[in-house]
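This is what each chain is made of:
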Amino acid sequence: MDDADERAEERDLPDWLLPAHRATPADALRRIQALCVAWPDLHAAMFVVLATHQTLPREVLAVALKQFRPDLEAYTREDVMSLLKAVWNGGKSGFDAVLRTRANSPKRGGNLSWVKE
């Protein structure tokens with residue numbers, strides 16, 4: 001594939017997805033909010049936000065995610081940053097492992113699957 005073909009392919013992508021793009025804070029927040037609404041699953045939403053906003057510091061992403069994801073309200077910014085790191089490095093299983101270790105994580109009924117509460 002030559003340079004002309006690559007540039008043509010890049011034009012098919014929105015400008016904000018191109019590697020050199022630097023988003024304004026308002027544009028980034030608007031996109032992050034839309035992604036959080038579009039992806040009801042927490043892991044998927046965090047993964048998509050992280051993958052599409054790699055130039056933003058994770059601390060900024062954590063604050064934005066906490067703002068737009070009610071299921072992250074109980075977590076600290078540091079907890080959300082750890083979840084972002086787990087999403088990127090450990091996939092779904094790493095994310096679940098970090099989520100279980102947080103103080104405010106939803107508690108399961110233990111290993112008593114036969115007990116109904």
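So, a few notes on the structure that sits alongside this text. (Residues numbered from 1 in each chain as written. Predicted model: local features only at pLDDT ≥ 70, side-chain atom pairs only at ≥ 80, totals over all residues. Heavy atoms only, no water.)

Quick look at the nonpolar core
Within the largest apolar cluster, 23 residues are counted, with the highest numbers of intra-cluster contacts made by Met46 and Leu65. Mapped onto this core, the elements with two or more residues apiece are helix H2 (25–38), helix H3 (42–52), helix H4 (58–68) and helix H5 (77–101). At 8 residues, H5 tops the list of elements feeding residues into this core. Setting aside anything within four residues of it in sequence, one finds methionine 46 in contact with Leu65, Val80, Leu83, Leu84, Val87 and Phe95. (Core = buried A, V, L, I, M, F, W, Y, C linked by side-chain atoms within 4.5 Å. Buried < 20%, exposed > 50% of the residue type's maximum accessible area, 1.4 Å probe, protein only. Helix = DSSP H or I, 4+ residues; strand = E, 2+ residues; numbered from the N terminus. Contact = heavy atoms within 4.5 Å.)

Points about the packing of H2 against H4
Where H2 contacts H4, the two axes come as close as 10 Å, and the packing angle between them is 50°. Relative to H4, H2 is oriented oblique. Here the hand of the crossing between H2 and H4 comes out right-handed. Within the contact between the two elements, H2 uses Leu29, Ile32, Gln33 and Cys36 and H4 uses Leu61, Ala64, Leu65, Gln67 and Phe68. Partitioned by chemical class, the residues of the contact of H2 with H4 number 7 nonpolar, 2 polar and no charged. (Axes fitted to C-alpha atoms, helices over the stretch in contact; angles between N-to-C directions. Parallel < 35°, antiparallel > 145°, perpendicular 65-115°, else oblique. Left-handed = near helix turned anticlockwise from the far one by under 90°. Nonpolar A, V, L, I, M, F, W, Y, C, P; charged D, E, K, R; others polar.)

Treat this as a map of the structure, not an account of what it does.
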